[in-house]
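Architecture and fold: a report
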Amino acid sequence: MSHAVLPDLIARYPELDECVHDIDGAFRLLEACFERGGKVLVCGNGGSAADCEHLVGELMKGFLSKRPLPREERARFAESFPKEGDYLADHLQGALPAISLVSQSALVTAFANDVASDMVYAQQVYGYGRPADALIAISTSGRSANILNALRVARTQGLSTIGFSGRSGGDMPELCDVIVRVPEEGTLKIQERHLPIYHALCSMLEQAFFPD
């Protein structure tokens, strides 16, 4: 295991041992994305949509660390706003840029109504996505049409693609650079195993970009 977080994950969830290689692969893709100045787009349905919001929340603010601003950034705020600069710097945290595609309710409902419901995430990947970015696509079955279409557009646009699914992976493996398939069947059990993996990845990324 190449990262210290992973042994703890496997100690708590031994059945995820068979996923370690792919979890590490997902980490490396995300690390490379952020290193090149990219952002992460995240999409899923139902409970997996809630996971998207959760994941973005852990990336965009402090997770296990407070992520204080570097000295040079604090100095820029102080120079630009002598009165408010310290307050701004004290109440900002380092961020790993991420967007939950499930949150764009006006766009999602308009596109579903006017164009096609299975393209609501694909349209956003097309609009937001750039080659430096990565798409995290979550589908417990691996067969959700709107998730597969988002992955197809991401591949065409040159984004890195990471999938989270259940044991079979459905139709996702051929569309993902890395896919984490937890060894479970059924939506409930699959989602229960996705959560600790998200937390492990967020911890690993935070340690990489915001070391104590």
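Within each chain, residue numbers correspond to sequence positions counted from 1 in written order. A pLDDT threshold of at least 70 governs which residues receive local features in this predicted model, and a stricter bar of 80 or more applies before side-chain atom pairs are shown or counted, although totals over entire chains, interfaces and linings include all residues. Hydrogens are left out, water is left out, and the side-chain values use all remaining heavy atoms of the structure.

The way it works is that DSSP assigns letters per residue, a run of H or I at least four long becomes a helix, a run of E at least two long becomes a strand, and they are numbered from the N terminus. Along its length, the chain carries nine helices and five strands. Ordering the α and β elements of the chain from the N terminus gives α-α-β-α-α-α-β-α-α-β-α-β-β-α. Against the compact-globule benchmark of 17 Å for 212 residues, the chain has a radius of gyration of 18 Å, which places it among compact chains. Taken along the three principal axes of its C-alpha coordinates, the chain extends 55 × 50 × 30 Å. Each of the 212 residues in the chain was classed as buried or not, and the buried ones make up 48%. Should any heavy atoms of two residues lie within 4.5 Å, those residues are counted as being in contact. Taking the contacts inside the chain whose residues are at least 6 apart along the sequence as the reference set, 69% of them involve residues at least 24 apart. In this setup the radius of gyration rests on C-alpha atoms only. A globule is expected at 2.2 Å times the number of residues raised to 0.38. Here's how the labels work: a residue is buried when its accessible area is under 20% of the maximum for its type, exposed when over 50%, partly exposed in between, all with a 1.4 Å probe on protein chains only.

The subject of this paragraph is the environment of Val-178. Mapped onto the secondary structure, Val-178 falls in strand β5 (residues 178-181). On the basis of relative accessible area, Val-178 is assigned to the buried category, the value being 13%. Distance from Val-178 to Ile-136, taken between C-alpha atoms, is 9.7 Å for residues 42 residues apart in sequence. Those residues in contact with Val-178, other than ones at most four positions away along the chain, are Asp-22, Gly-25, Ala-26, Leu-29, Thr-161, Ile-162 and Gly-163.

We now examine the pattern of salt bridges. Two side chains bearing opposite charge may form a pair once their charged atoms approach each other closely. Counted as salt bridges are all cases of a side-chain nitrogen of Lys or Arg within 4 Å of a carboxyl oxygen of Asp or Glu. Counting across every chain of the model gives seven salt bridges. Here Arg-193 makes a salt bridge to Glu-15, at a shortest N to O gap of 2.3 Å. On the criterion of sequence distance, the pair formed by Arg-193 in helix α9 (residues 187-209) and Glu-15 in the loop between α1 (5-12) and α2 (20-35) is long-range, its members being 178 residues apart. Taking the relative accessible area as the measure of exposure, Glu-15 reaches 25% and is therefore partly exposed.

Looking now at the packing of helix α3 (residues 47-60) against α9. At a closest axis distance of 10 Å, the pairing of α3 and α9 adopts a crossing angle of 15°. Taken together, α3 and α9 sit at an angle that is classed as roughly parallel. For α3 against α9, the interelement crossing comes out right-handed. Along its contact with α3, which presents Gly-47, Ser-48, Asp-51, His-54, Leu-55, Glu-58 and Leu-59, the element α9 presents Gln-191, Leu-195, Tyr-198, His-199, Cys-202 and Leu-205. Under the scheme applied here, ten amino acids are nonpolar (Ala, Val, Leu, Ile, Met, Phe, Trp, Tyr, Cys and Pro), four are charged (Asp, Glu, Lys and Arg), and all others, including Gly, are polar. For the contact of α3 with α9, a count of residues per class yields six nonpolar, five polar and two charged. Note on definitions: angles span 0 to 180 degrees between N-to-C directions of axes, and those axes are lines fitted to C-alpha atoms, for helices only across the stretch in contact. Every angle not falling under 35 degrees, over 145, or within 65 to 115 is termed oblique; those three ranges are roughly parallel, roughly antiparallel and roughly perpendicular. If you view the pair so one helix is near and one far, a crossing is left-handed when the near helix is turned anticlockwise from the far one by less than a right angle, and right-handed when it is turned clockwise.

Attention now moves to the state of the cysteines. By definition, a disulfide links the sulfur atoms of two cysteine residues through a covalent bond. The disulfide criterion used throughout: a pair of cysteine sulfur atoms within 2.5 Å. All chains considered together, the criterion is met by zero disulfides. In this structure Cys-19 is not part of a disulfide, and its nearest cysteine sulfur, from Cys-176, lies 14 Å away. A relative accessible area of 2% places Cys-19 in the buried class. A disulfide-free cysteine, Cys-176 has its sulfur positioned 9.8 Å from the sulfur of Cys-43, the nearest such atom.

Tracing the chain through its elements places Ser-160 in strand β4 (residues 160-165). Residue Ser-160 is classed as buried on the basis of its relative accessible area, which comes to 10%. Engagement of the side chain of Ser-160 in a polar contact is seen with the side chain of Arg-36, the distance being 3.2 Å. Ignoring anything within four residues of it in the chain, the contact list for Ser-160 reads Leu-29, Arg-36, Asp-133, Ala-134, Leu-135 and Asp-177. N or O atoms closer than or at 3.5 Å make up a polar contact, with two conditions inside protein: a donor-capable atom paired with an acceptor-capable one, and, for residues adjacent in sequence, both atoms drawn from side chains.

To continue, consider helix α7 (residues 120-128). Restricting attention to buried positions, one finds in α7 the residues Val-120, Tyr-121, Ala-122, Gln-124 and Val-125. Tucked into the core, α7 has its buried residues touching β1 (40-43), α6 (105-114), β3 (134-138) and α8 (145-157).

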